[in-house]
Amino acid sequence: FSGVLSEEVLRALLELQERLAAATAWAPAAGRRVTLSDVCYAPLNPKEPRLGDCCVNSVTQYFQNNGTRLAMTATQTNGKETGTVDWRDHLIYCVNSPLSFKDITALELSCTADYGGP
């Protein structure tokens, strides 16, 4: 992993997504401010979506848009070898198994997105 896909880039992306998710805009026709949840695609809760229900496709969804999960590490033993697993191991697993509710690393993180989908 390098430049384009580094922890620093993922953190910056997560921060940008959080700022965009918090953005509002005045809608003259509605006479009120609108938010992402007013206009997003929310397949699992289309009637009254909350922000977490919005389908946002991003690599950070493999960590449920959670910086704490992105920073996690764990010690893992495979046979006689012991090492540390981190976001890279989780990402590689999820790219190959995006519907998994728990990866096979010692992190045991879900690959599903924040909104509940793949």
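Every value quoted in this text rests on a predicted model; they were computed, and no experiment measured them. (Residues numbered from 1 in each chain as written. Predicted model: local features only at pLDDT ≥ 70, side-chain atom pairs only at ≥ 80, totals over all residues. Heavy atoms only, no water.)

> What am I meant to see in the overall build of the protein chain here?
Scanning the protein chain for helices and strands turns up 4 helices and 4 strands. In sequence order, the secondary structure elements of the protein chain are arranged as α-β-β-α-α-β-β-α. Taken along its principal axes, the extent of the C-alpha atoms in the protein chain is 65 × 30 × 20 Å. Per-residue burial for the protein chain yields a buried fraction of 31% across its 118 residues. (Helix = DSSP H or I, 4+ residues; strand = E, 2+ residues; numbered from the N terminus. Buried < 20%, exposed > 50% of the residue type's maximum accessible area, 1.4 Å probe, protein only.)

> Would you explain the nonpolar core in this entry?
Grouped together as the largest cluster of nonpolar side chains are 9 residues: L10, Y62, F63, L70, W87, L91, Y93, C94 and C111. Leave out the neighbours within four places in its chain, and L70 touches E7, L10, R11, F63 and W87. (Core = buried A, V, L, I, M, F, W, Y, C linked by side-chain atoms within 4.5 Å. Contact = heavy atoms within 4.5 Å.)

> For this particular structure, what's the right way to read the state of the cysteines?
Working definition: the covalent bond between the sulfur atoms of two cysteines is a disulfide. The full count for this structure, using the stated rule, is 2 disulfides. There is a disulfide in this structure between C40 and C54, and the S-S distance comes to 2.1 Å. Residues C40 and C54 are joined through a disulfide that is left-handed, its torsion about the S-S bond being -70°. Of this pair, C40 sits in the loop between α2 (36–39) and α3 (67–71) while C54 is found in the loop between α2 and α3, placing the two residues 14 residues apart along the sequence. (Disulfide = S-S within 2.5 Å.)

> For this particular structure, what's the right way to read helix α4 (residues 87–96)?
Every α-helix carries 3.6 residues per turn, so stepping three or four residues along brings you back to the same face. Taken together, the buried positions of α4 are W87, H90, L91, Y93 and C94. One face of α4 carries all of its buried residues, which in axial projection span an arc of 165°. Among the exposed residues of α4, those oriented more than 90 degrees off its buried face are V95 and N96. Lining the buried residues of α4 we find α1 (7–21) and α3. (Arc of directions from axis to C-beta.)

> Is there a simple way to explain α1 in this structure?
Over its 15 residues, α1 runs 21 Å from end to end, which matches the ideal 21 Å to within 8%, given 1.5 Å per residue. Turning to α1, its buried residues number three or more, namely L10, L14 and Q17. With its buried residues spanning 65° around the axis, α1 presents them on a single face. Turned more than 90 degrees from where α1 packs its buried face, E8, R19 and L20 sit exposed. (Expected span 1.5 Å × (residues − 1).)

> How do you make sense of the pairing of strand β1 (residues 24–27) when you look at a structure like this?
The side chains of a regular strand alternate between both faces of the sheet. Relative to strand β2 (residues 32–35), β1 runs antiparallel, the two being bridged by 4 bridges. Bridge assignment links A27 to a residue of β2, and that residue is R32. In this structure, the hairpin formed by β1 and β2 is closed by a connection of 4 residues, where G31 is found at a positive phi of approximately 70°. (Pairing = 2+ DSSP bridges.)

> How should I be thinking about the environment of I104 in this particular structure?
Within the secondary structure, I104 sits in the segment after α4. When its relative accessible area of 66% is taken as the criterion, I104 is described as exposed. Remark: the alpha-carbon pair of I104 and L20, spanning 84 residues in sequence, is separated by 32 Å. Setting aside residues no more than four positions away along its own chain, I104 makes contact with Q76 and Y93.

Just distances and angles here, no functional claims.
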